[in-house]
Amino acid sequence: MVERINSCRVCQNRDIKEILNLGEQPLANSLVTDPGEREMLYPLSLSRCPECSLIQLNQTVEPGELFSSYVWVTSTSSTARVHASRLYKDIVTRVQNLKASYVLEVASNDGTFLKPFAENGYKVLGVDPAKNIAEMANAGGIPTICRFFGAKVADEIVSENGRAKVVMARNVIPHVANLHDFTEGLANSLAEDGILVVEFHYAKVIYEGLHYDSIYHEHLCYYTLKSVEKLLNQSGLYIIDIQESPISGGSLILYAGKIRGNTSAAVQSYHDAEIATGINELSSWESFAKRVFEHREQLLEMLTGIVKKSGRVVGYGASARSSTLLNFGNIDTRYISIIADQNPLKHHHYTAGTHIPITSPDEALRQRPACVFVLAWNFADEIIGILKQRYNFKGQCILPLPNNPRVVNVA
Ligand SMILES: [Zn+2]
């Protein structure tokens with residue numbers, strides 16, 4: 001069920017070097033219904049490839065184990081809905097005659113990002129491996145195939161629908177174990193003059209903001225522009241343009257196509273910035289690992305002080321990302337009494353490994369906490385807004401990241 005890699009996931013170089021070990025951890029999305037349950041733990045560690053600079057997990061957990069019943073639903077975040085609408089507007093300006101073709105999205109989740117296209121009369125098709133989520137998308141009017149995407153599924157889609165002028169792959173390339181089969185599928189399903197839109201959490205932002213909470217078993221690869229370009233080029237896909245995504249606390253949106261040489265100035269400036277910051281160097285990631293252990297000490301010291309003074313705190317956002325932070329710091333119900341989450345699918349569950357109960361924001365805030373630990377800190381503005389406006393919350397908020405943990409007073 002878990003395998004250790006012996007070569008780089010992108011370039012197959014066999015000489016990869018371990019840079020960070022986060023110990024044994026449960027699967028981040030494996031929320032439990034019984035707090036007495038002892039779930040499986042799997043090693044969680046990162047290596048770097050000296051050849052293509054890819055930062056990658058050493059372990060691959062069987063994908064069926066990870067994704068078959070995914071509980072995270074995209075549209076529960078209002079930030080995601082705003083992003084979907086902006087991305088739609090941007091994509092339609094880049095493609096000629098899109099109404100004659102269709103928009104294909106792989107790992108389309110509940111169809112949030114296809115929805116603006118469908119609402120404006122464009123033909124859409126989603127592919128997602130999670131049964132409950134694909135059903136939800138179909139019920140919401142977004143046609144969605146429930147499969148793991150790869151070269152074979154791409155061929156089936158093409159024989160039925162032809163090649164798509166727009167192929168979207170948001171927040172999925174970091175998850176894929178069979179990477180080359182996946183990018184072959186992307187290339188095969190894309191029209192010759194079409195554009196591929198790839199979004200992923202940028203390793204440079206992970207490094208600069210110390211986003212080690214984004215390291216969990218589902219995220220196999222942590223791409224820089226250098227490493228993702230190497231991957232796409234191997235399947236005959238060439239980067240045209242780059243934008244920053246407004247969500248996930250720092251993601252990149254790449255536009256790629258099959259024709260080489262249409263590169264914007266933005267792409268070159270990202271390459272230059274990667275060289276200037278040393279993001280593809282080993283020493284940078286060695287210092288990242290050191291900062292991760294220092295951060296854990298700081299966070300525990302801060303939490304211990306607050307709990308001593310004002311009692312246990314309430315968490316906000318039982319995201320997959322929070323799992324690494326909680327398990328690595330061994331932060332459990334001694335510190336956090338309950339976690340609020342807007343996704344009703346997560347209520348009446350307990351966090352993986354640390355077994356903190358998850359409930360609705362209404363119920364959690366009824367406890368009148370003096371302090372809220374914003375676990376989904378990448379949505380901090382949205383969450384603090386909800387705390388103030390809906391719950392008239394006055395007190396402290398802990399923002400664990402980016403970089404040093406800090407406390408903000410909400411009045
Ligand atoms: Zn490599």
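This one's a predicted model, so the numbers in the text were calculated from it and none came from an experiment. Throughout, a residue's number is its position along its own chain's written sequence, starting from 1. With pLDDT at 70 or above as the cut-off, local features in this predicted model cover only qualifying residues; side-chain atom pairs require 80 or more to be listed or tallied, and sums for whole chains, interfaces and linings still use all residues.

Draft legend 1. View of the overall build of the protein. Each helix and strand in the protein was counted, giving 13 helices and 19 strands. Taking 411 residues into account, the globule formula puts the C-alpha radius of gyration at 22 Å, and the protein, at 21 Å, falls close to it. Overall, the C-alpha framework of the protein stretches about 65 × 45 × 40 Å when taken along its three principal axes. The exposure label follows from counting other C-beta atoms within 10 Å of a residue's C-beta, where the C-beta atoms are placed from the backbone and the thresholds are 20 or more for buried and 12 or fewer for exposed, leaving partly exposed in between. Across the 411 residues in the protein, those meeting the buried criterion constitute 49%. Per the convention used, a helix needs a DSSP run of H or I reaching at least four residues, while a strand needs a run of E reaching at least two, with both numbered from the N terminus. The size measure is the radius of gyration over C-alpha atoms, and the globule rule it meets is 2.2 Å times the number of residues to the 0.38 power.

Draft legend 2. The arrangement of the packing of helix α6 (residues 179–189) against helix α8 (residues 225–234) in detail. Convention adopted: a line fitted to C-alpha atoms gives each axis, helices being fitted over their contacting stretch, and angles between N-to-C directions are expressed from 0 to 180 degrees. Running from amino to carboxyl end, α6 crosses α8 at an angle of 65°, the nearest separation of the two axes being 9 Å. The crossing of α6 and α8 is right-handed. Contacts between α6 and α8 pair Leu-179, His-180 and Thr-183 from the former with Leu-231, Leu-232 and Gln-234 from the latter. Gly is put with the polar residues, along with every residue not named as nonpolar or charged; the nonpolar set is Ala, Val, Leu, Ile, Met, Phe, Trp, Tyr, Cys and Pro, and the charged set is Asp, Glu, Lys and Arg. Considering only residue class, the contact of α6 with α8 consists of three nonpolar, three polar and no charged. Should the near helix be turned anticlockwise from the far one by less than a right angle, the crossing is left-handed, and should it be turned clockwise, the crossing is right-handed. In this description, a residue-residue contact is defined by the distance between C-beta atoms placed from the backbone, which must lie within 7 Å.

Draft legend 3. Representation of the pairing of strand β3 (residues 42–48) in the model. Two strands are counted as paired when DSSP detects at least two bridges linking them. Taken together, the six bridges between strand β2 (residues 17–25) and β3 define a ladder with antiparallel strand orientation. Its bridge partner being in β3, Gln-25 is matched across the sheet by Tyr-42. Both β3 and strand β4 (residues 55–57) contribute to a ladder of three bridges, which runs antiparallel. Residue pairing for β4: Arg-48 is matched across the bridge by Ile-55. Hairpin remark: β3 followed by β4, antiparallel, with six residues in the connecting loop; positive phi at Ser-53, about 70°.

Draft legend 4. Region of the structure containing the sheet that holds β2. Pairing in this open sheet of four strands is antiparallel, and the strands run β2-β3-β4-β11 from one edge to the other. In this open sheet, the two strands that pair with only one neighbour each are β2 and β11 (221–222). Pairing of β4 with β11 involves two bridges; the strand directions are antiparallel. Residue Gln-56 lies in a different strand from β11, and its bridge partner there is Cys-221.

Draft legend 5. A look at the nonpolar core. Any set of buried Ala, Val, Leu, Ile, Met, Phe, Trp, Tyr and Cys residues joined through C-beta atoms within 7 Å is what this text calls a nonpolar core. Judged by nonpolar contacts, the single largest core of 126 residues is most densely connected at Val-103, Tyr-316, Val-372 and Val-374. Here this core takes six residues from strand β10 (residues 190–201), the largest share from any one element. Taken domain by domain, this core gets at least three of its residues from each of domain 1 (74–280) and domain 2 (296–410). Domain borders in the structure are assigned automatically or taken from a domain database.

Draft legend 6. Seen up close, unusual backbone geometry. That bond from Leu-401 to Pro-402 is cis: its omega, 0°, falls within 30 degrees of zero. Looking at the secondary structure, you find Pro-402 in the loop between β18 (395–399) and β19 (406–410). Of note in this structure, Asn-330 is not a glycine but carries a positive phi near 50°. Considering the arrangement of structural elements, one finds Asn-330 in the loop between α11 (320–329) and β15 (336–340). By the C-beta count within 10 Å, which is 13 here, Asn-330 ends up partly exposed. For His-355, which is not a glycine, the phi torsion comes out positive at approximately 50°.

Draft legend 7. Layout of the sheet that holds strand β16 (residues 358–359). In spatial order, the strands read β16-β15-β14-β17-β18-β19; together these six strands make up an open sheet with mixed pairing. The open sheet has two edge strands with one neighbour each: β16 and β19. Bridge count for strand β17 (residues 371–374) against β18 is three bridges, and the pairing is parallel. The residue bridging Cys-371 from the neighbouring strand is Gln-396, located in β18.

Draft legend 8. Structural detail: the domain arrangement of the protein. On domain assignment, one finds that the protein holds domain 1 (74–280) and domain 2 (296–410). Once you take the C-alpha centre of each, domain 1 and domain 2 turn out to be 31 Å apart.

Draft legend 9. Examining the packing of helix α5 (residues 151–161) against α6 more closely. Taken N-terminus to C-terminus, the directions of α5 and α6 make an angle of 15°; their axes are 7 Å apart at the nearest point. Considering their axes alone, α5 and α6 lie roughly parallel with respect to each other. Here α5 and α6 pass one another in a crossing that is right-handed. Contact with α5, carried on its side by Ala-151, Val-153, Ala-154, Asp-155, Ile-157 and Val-158, involves Asp-181, Glu-184, Gly-185, Asn-188 and Ser-189 of α6 and no other residues of that element. Taken together, the residues of the contact of α5 with α6 break down into five nonpolar, three polar and three charged. Any angle from 65 to 115 degrees is called roughly perpendicular, while one under 35 is roughly parallel, one over 145 is roughly antiparallel, and all others are oblique.

Draft legend 10. Broad picture of helix α10 (residues 282–310). In this analysis, the expected span of each helix is defined as 1.5 Å times one less than the number of residues it contains. Over its 29 residues, α10 runs 42 Å from end to end, which matches the ideal 42 Å to within 8%, given 1.5 Å per residue. Listing the buried residues of α10 in full gives Trp-285, Phe-288, His-295, Leu-299 and Leu-303. Considering only its buried residues, α10 is in contact with β2, β3, β4, α7 (203–209) and α11. Phi for Gly-311, located one or two positions after α10, is positive at around 85°.

Draft legend 11. A look at helix α13 (residues 380–391). The terminal C-alpha atoms of α13, which comprises 12 residues, lie 15 Å apart, in line with the 16 Å expected from a rise of 1.5 Å per residue. Looking one or two residues past α13, Asn-392 carries a phi angle of roughly 50°, positive in sign.

Draft legend 12. Expanded view of the environment of Ala-134. With respect to the element layout, Ala-134 can be found in helix α4 (residues 131–139). Ala-134 sits in the buried class, given 24 other C-beta atoms within 10 Å. Ala-134 sits 10 residues away from Thr-144 along the chain, and the two C-alpha atoms are 5.8 Å apart.

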